[in-house]
Amino acid sequence: MRIQIGKFREGENRLVMKTILITGGAGFIGSHVVRRMVKNHPEYNILNLDLLTYAGNLENLRDVDQEPNYSFVRGDISDTEFVNHLFATHPIEGVIHLAAESHVDRSISDPASFIRTNIFGTFNLIHAAKEHWKGQVEGKRFYHISTDEVYGSLGTSGLFTETTAYDPKSPYSASKASSDHLVRAYGHTFHLPVVLSNCSNNYGPNQFPEKLIPLCIHNIRHNKPIPVYGKGENVRDWLYVGDHAAAIERIFHEGKSGETYNIGGNNEWTNIRLIRLLCDLMDSKLGRTPGSSQSLITFVKDRAGHDLRYAIDSSKIQTELGWKPSVDFEEGLARTVDWYLENTAWLENVASGAYEKYYEKQYLLR
Ligand code: NAD
Ligand code: DAU
């Protein structure tokens, strides 16, 4: 069943333009979600709220930022007064909440910002929705985007399902787990129409080059060492970002209130196998001698508390909502490499300045 977000005005059979707040819309996944919602839903006012941290970049949305159903507001979800003011001054009927500190390594070196944004920021949003919706929840929806990392680490077999017990292992995943619990508790206690999803590793255009795949592309391009944590035997389940955005659109409209949906690519790779594949792809795209980029592979000290394996069972969203991944991994990876090679200015721009300093500290001092 498709949930109707918004309401009909009396005497009219036309749906009133509804304001949908998307948080973190200038980030990697958020920008793909904003673009999709702006293009597919002219009946919505899409309001993108983003603090523009190092990970937020309005360049990601240049192709839609002049659309009449799009607007941007810069602000911090951990600022209670700001969030309340936003809800008081905009008729927000739906929230798709992606804003977060998202990088595990940064959560190890600077956990405080993860607690502030991921926990307190989520609390501010869900509490403001409760206060401003005042029990009038028909047509409303609060959708919280989460991660498979809340389930902890798998051994060599098994998959995460929606009922797997939470067992977060890093400050990042603990902060996401905490925010998931808050959203579910508000749904239960205050009858707010909440829905959640937990997704596996995303890849694709516009991902900040601190994450494995864009970092490899950037380093291979510049003939810099590719840092492989530990033995490279950790396993991740990779999903093309466009497929995640499609799942988010589907869940926002058709997901059942109070439910959680796991989203994954059914596509497990050890890091080292994936890096070798990327090296070969880059050699062919850059016209280099086959095998040459593999010489850049450098084994470095492991990530503290490094989760061994994540893998998602996405049968619930597949059977209940009819979503499934559509982009084959080799095609998605080739599309991703092409995007980075065609957008070197984007890559160089985000990889300069403060990021350079972070990078040196993170890898060269290991
Ligand atoms: P990202 O780091 O690329 O983007 C995060 C965005 O949030 C940025 O635009 C940033 O400016 C904004 N932001 C950060 N702090 C903020 C604050 N206090 N107030 C307002 N805006 C703030 O992250 P991403 O990879 O696009 O992830 C988006 C969401 O999806 C996160 O909630 C993350 O936990 C979740 N997720 C990510 C993945 C993945 O593989 N990247 C997988 C599953 C779930
Ligand atoms: O599973 C979903 C999660 O995926 C999201 O919730 C996170 O926001 C997202 O960052 C991602 O977390 P990971 O820690 O899995 O992604 P990352 O790209 O940082 O690392 C992927 C794997 O590669 C992981 O096992 C660590 C390893 N790695 C990473 C980097 C950056 C390396 O070996 N070397 C590196 O330089």
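Quick note: structure is the one above.
Residues numbered from 1 in each chain as written. Chains lettered and ligands numbered in written order. Predicted model: local features only at pLDDT ≥ 70, side-chain atom pairs only at ≥ 80, totals over all residues. Heavy atoms only, no water.

Peer 1: Pulling in residues and values, what's your account of the site of ligand 1?
Peer 2: Near ligand 1 you find 28 residues, and of these Ile 29, Asp 50, Ser 102, Tyr 172 and Lys 176 are the closest. One of the backbone N or O atoms of Gly 27 is found 3.0 Å from an oxygen atom in ligand 1. Between ligand 1 and Ser 102 there is a distance of 2.7 Å, counted from an oxygen atom to a side-chain nitrogen or oxygen. When ligand 1 sits alone it has 840 Å² of accessible area, and the protein chains cover 96% of it. Of all the elements in the fold, those that place two or more residues in the shell around ligand 1 are α1 (28-40), β5 (141-147), α5 (171-190) and β7 (201-203). When residues of the shell around ligand 1 are assigned to their parent elements, the largest contribution, three residues, is made by β5. Tallied by class, the residues present in the shell around ligand 1 amount to 13 nonpolar, twelve polar and three charged. (Near = heavy atom within 4 Å. Polar contact = N/O pair within 3.5 Å; in protein donor to acceptor, adjacent residues only side chain to side chain. Areas by Shrake-Rupley, 256 points an atom, 1.4 Å probe, with all protein chains shown as cover. Helix = DSSP H or I, 4+ residues; strand = E, 2+ residues; numbered from the N terminus. Nonpolar A, V, L, I, M, F, W, Y, C, P; charged D, E, K, R; others polar.)

Peer 1: Provide a residue-level description of the packing of aromatic side chains, including the pertinent values.
Peer 2: Enumeration over the complete set of coordinates arrives at 14 aromatic pairs. A ring pair is formed by Tyr 54 and Phe 208, whose centres lie 5.0 Å apart and whose planes are at 85 degrees; its orientation type is edge-to-face. Taken together, the residues span a long stretch of sequence, with Tyr 54 in the loop between β2 (44-50) and β3 (70-74) and Phe 208 in the loop between β7 and α6 (212-221) at a distance of 154 residues. A residue is classified by how much of its surface remains accessible, and Phe 208, at 8% relative accessible area, is buried. Here the aromatic residues Phe 120, Phe 123, Tyr 186 and Phe 190 are joined through ring pairs into a cluster of three or more. Residue placement shows Arg 106 over the ring face of Tyr 54; its charged tip is 3.6 Å from the ring centre. (Phe/Tyr/Trp six-rings, centres within 6.5 Å; stacked < 30°, edge-to-face > 60°. Buried < 20%, exposed > 50% of the residue type's maximum accessible area, 1.4 Å probe, protein only. Lys NZ or Arg CZ within 6 Å of the ring centre and 35° of its normal.)

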